[in-house]
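Each chain, written out:
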Amino acid sequence: MEMEQLVALCKRRGFLFQSSEIYGGLQGFWDYGPLGVELKRNVREAWWRDMVTAHNELEPPPGAPSAFEMVGLDCSIIMHPQVWKCSGHYDLFHDFMIDCRESNKRYRYDQVCGRWVECKGQRIFVASDLGGDEGLELTRHKAMKFFNLRGKDADALTWDGALIPLTALEDFSQVLGPDAKTLGTLTEPREFNLMFKTTAGALGGEDDAVFLRPETAQGIFVNFKNVCDSTRVRIPFGIAQIGKSFRNEITPRNFIFRSREFEQMEIEFFCRPDTSPEWYRYWRDRRYQWYLDLGLAGDRLRLRDHDKAELSHYSCGTADIEYAFPFLPSGEFGELEGVAHRGDFDLRSHSEGKLVRQGDKLVVETDAEGKPRHRGSGKDLSYFDNQTKERFTPHAIEPSAGVDRATLAFLCEAYREDEAPDEHGKPVKRMYLKLHPRLAPIKAAVFPLVKKDGMPEVAREIYKTLKPHFPVFYDEKSAVGRRYRRQDEVGTPFCITVDSQTLQDGTVTIRDRDTLDQWRVHKDECLDELKTRLMA
């Protein structure tokens, strides 16, 4: 599948639109259309149900070290600025960017790569903001133009190895930028904080500066004591939250994969320090299985543990759940979800002040006068176990998933093309979305075969019966084959057709989207039939 096909489908059928499109759009922001909002809601609800509401706190789930409780929160998007100073976002939440003085384009420093080439006695580094085979082809094409060569003269180029990151270079004077025609146009890399800054209050001065949250996790940490004091939860337990986050990405790209406004599904699971490695492995494996259960293929999904050099300064272990998105070069994967063992970093930071690593320990960062660089709340965020009479700071395991990235992965995985007979029995090309029934925006469509002989009246009665239970669609326009294809295109699992036989014995035809199998059931049994199949 080409990514352009999916993007076109999403706009044509009302899954996704470019934000403010009539004004030329706003890069990094997307609007969900009538079908997209249902799909995204289904992703959220599947996660919330599987992680929170359907969780049985009386019995250990398969693979869990023990039973545990799950509760939820919905925290505000704007929080006290000190939250982001103690969490490290104020000082550390940045990317490095570079600009091209010739093209006036901006790039993320770590997303630019290239390779050395020599020709006509000159050696230059040809840069690209694409990787894989596309990056190789682009650098070849740029080198041909730079040295003014024709296709037959390609052998005059002597390449020095494969693509390497621009970060490996110290001198940019011989670098041909991704969109430049001359050398040495790239600026030195500089830091760019990713948080959106705004003001709270009428005066709008620096004292009123606040930030749109770049993640939902910190709202959970600062409410840890509130949850413990207001509920009867005991360690181990998890706090879940779904909500919007905002990151001022330098180069948002790849549809909704990297955008500036996005939605997260996060859990902070609090446990005893001595059991935290077991819980980390449990959540890592459980979250990976969740994507498999909802239809992502095992050959395009992988679980990758971070190398020690990749780990954050506070992390005791991190794994990424990754998917081979079609916009990535062959063999590359993009992050769907991260599962991090955060230790006691966050609770201690919000209690004592911003922590930094010194050797094997996390200590409060101090300024030139020896005072905390960013002072914590001073509140005791430790936990007292009434049964063991112990007080300790819990460790946190954080499964953090993106709703938008998950939605995109399910769309990519669901896209299919095959052949199916049209209304005349002739095989024609069919495009359909093989979405898991739990995720499908429309669960069933109801058709009268023709708009006469009482068929529409029966079809409307069936529609009326089904509508209170799940999203259904009624359609009586055009030939029934075209109606089938319209529903296949948006991932509707089942279509119900009222025909002449319905008027004789009360049975209707139900058609399966994936197999194209058809069978008959009595019209009064449609609800039970669909409930059974949708829950299978």
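If you're wondering where the values come from, they're calculated on a predicted model, not measured in any experiment. (Residues numbered from 1 in each chain as written. Predicted model: local features only at pLDDT ≥ 70, side-chain atom pairs only at ≥ 80, totals over all residues. Heavy atoms only, no water.)

## Regarding the packing of aromatic side chains
Note on aromatic pairs: each is described by the distance of the centres and the angle between the planes.
Next up, step 1: Under the criterion given, the structure shown has 29 aromatic pairs.
Next up, step 2: Here a set of aromatic residues connected by ring pairs shows up, and it is made of Phe68, Phe269, Trp279, Tyr282 and Trp283.
Next up, step 3: Arg405 extends its terminal NZ or CZ atom over the ring of Phe257, reaching a point 3.8 Å from the ring centre.
Next up, step 4: Cation over ring: Arg430 sits above Tyr432, and NZ or CZ is 3.9 Å from the ring centre. (Phe/Tyr/Trp six-rings, centres within 6.5 Å; stacked < 30°, edge-to-face > 60°. Lys NZ or Arg CZ within 6 Å of the ring centre and 35° of its normal.)

## A short note on the pattern of salt bridges
Next up, step 1: Using the criterion set out here, one finds 52 salt bridges in the structure.
Next up, step 2: Arg272 is the salt-bridge partner of Glu390, the closest N and O atoms lying 2.8 Å from each other. Note that Glu390 is positioned in strand E21 (residues 390–392) and Arg272 in the loop between strand E14 (261–271) and helix H8 (276–293), a separation of 118 residues in sequence.
Next up, step 3: Residue Arg272 is classed as partly exposed on the basis of its relative accessible area of 22%.
Next up, step 4: For Glu352, the salt bridge goes to Arg348, with nearest N and O atoms at 3.0 Å. (Salt bridge = Lys/Arg side-chain N within 4 Å of Asp/Glu carboxyl O. Helix = DSSP H or I, 4+ residues; strand = E, 2+ residues; numbered from the N terminus. Buried < 20%, exposed > 50% of the residue type's maximum accessible area, 1.4 Å probe, protein only.)

## Here's the deal with helix H10 (residues 403–414)
Next up, step 1: Between its terminal C-alpha atoms H10 stretches 16 Å, which fits the 16 Å expected from twelve residues at 1.5 Å a residue.
Next up, step 2: H10 sits mainly inside the fold: twelve of its twelve residues count as buried.
Next up, step 3: Of the positions making up H10, those classed as buried are Val403, Asp404, Arg405, Ala406, Thr407, Leu408, Ala409, Phe410, Leu411, Cys412, Glu413 and Ala414. (Expected span 1.5 Å × (residues − 1).)

## Things to note about the environment of Ile77
Next up, step 1: Within the secondary structure layout, Ile77 lies in the loop between strand E3 (69–72) and helix H3 (81–87).
Next up, step 2: Between the alpha carbons of Ile77 and Met195 there is a distance of 12 Å; along the sequence they are 118 residues apart.
Next up, step 3: Excluding its chain neighbours within four sequence positions, the residues that come into contact with Ile77 are Phe211, Leu212, Arg213, Lys244 and Phe246. (Contact = heavy atoms within 4.5 Å.)

## Points about the sheet that holds strand E16 (residues 317–323)
Next up, step 1: With mixed pairing, the seven strands of this open sheet are ordered in space as E3-E13-E14-E22-E17-E16-E15. Strands at the two margins of the open sheet, each flanked by one partner only, are E3 and strand E15 (301–305). Between one strand axis and the next, the sheet turns through 20° on average, direction left out of account.
Next up, step 2: Bridge count for E15 against E16 is five bridges, and the pairing is antiparallel. Within E16, the residue paired with Asp305 across the bridge is Ala319. (Pairing = 2+ DSSP bridges. Axes fitted to C-alpha atoms, helices over the stretch in contact; angles between N-to-C directions.)

## Looking at the nonpolar core
Next up, step 1: In this structure, Leu6, Trp279, Trp283, Tyr291, Phe325, Leu408 and Phe410 are the most contacted members of the largest nonpolar core, which totals 62 residues.
Next up, step 2: With eight residues, the top contributor of residues to this core is H10.
Next up, step 3: Phe325 has contacts with Phe257, Gly334, Leu336, Arg405, Leu408, Ala409 and Cys412, leaving out every residue within four places of it along the chain.
Next up, step 4: Counting residues in each nonpolar core, the second largest holds 21 residues, with Val458, Leu466, Cys526 and Leu530 among its members. (Core = buried A, V, L, I, M, F, W, Y, C linked by side-chain atoms within 4.5 Å.)

## Regarding the side chain of Arg430
Next up, step 1: Secondary-structure assignment places Arg430 in strand E24 (residues 427–433).
Next up, step 2: Of note is the side chain of Arg430, whose polar atom sits 3.0 Å from the side chain of Asp488.
Next up, step 3: Among residues more than four places away in sequence, those in contact with Arg430 are Arg416, Glu417, Asp418, Glu419, Ala420, Asp488, Arg511, Arg513, Asp514 and Leu516. (Polar contact = N/O pair within 3.5 Å; in protein donor to acceptor, adjacent residues only side chain to side chain.)

## With respect to helix H1 (residues 3–12)
Next up, step 1: Among the residues of H1, those classed as buried are Met3, Leu6, Leu9 and Cys10. Projected onto a plane normal to the axis of H1, the buried residues spread over an arc of 125° and lie on a single side. Residues of H1 that are exposed and point more than 90 degrees away from the buried face comprise Glu4 and Arg12.
Next up, step 2: Elements in contact with the buried residues of H1: strand E1 (16–18), H10, strand E23 (415–421), E24 and helix H12 (480–490).
Next up, step 3: Note on H1: the residue one or two positions beyond its end, Gly14, has a positive phi of about 80°. (Arc of directions from axis to C-beta.)

## Remarks on the pairing of strand E29 (residues 518–522)
Next up, step 1: Of the two faces of E29, the one holding Trp519 and Val521 is buried and the one holding Gln518, Arg520 and His522 is not buried anywhere.
Next up, step 2: Sheet topology note: the strand E28 (residues 507–512)/E29 ladder contains five bridges and is antiparallel. Paired with Val508 across the bridge in E29 is Val521.

## Topic: the environment of Ala200
Next up, step 1: With respect to the helices, strands and loops of the structure, Ala200 is situated in the loop between strand E11 (197–199) and strand E12 (209–211).
Next up, step 2: What makes Ala200 partly exposed here is its relative accessible area of 40%.
Next up, step 3: Once the C-alpha coordinates of Ala200 and Pro178 are considered, the two residues, 22 residues apart in sequence, prove to be 40 Å apart.
Next up, step 4: Contact partners of Ala200, with chain neighbours within four places excluded, come to Asp208 and Val210.

## Focus: the packing of H1 against H10
Next up, step 1: One way to put it is that H1 packs onto H10 with a least axis distance of 11 Å and a crossing angle of 110°. Between H1 and H10, the angle is such that the two are roughly perpendicular. Here H1 runs over H10; the crossing is right-handed. Residues Met3, Leu6 and Cys10 of H1 form the contact with H10, whose own contacting residues are Leu408, Leu411 and Cys412.
Next up, step 2: Considered class by class, the residues forming the contact of H1 with H10 number six nonpolar, no polar and no charged. (Parallel < 35°, antiparallel > 145°, perpendicular 65-115°, else oblique. Left-handed = near helix turned anticlockwise from the far one by under 90°. Nonpolar A, V, L, I, M, F, W, Y, C, P; charged D, E, K, R; others polar.)

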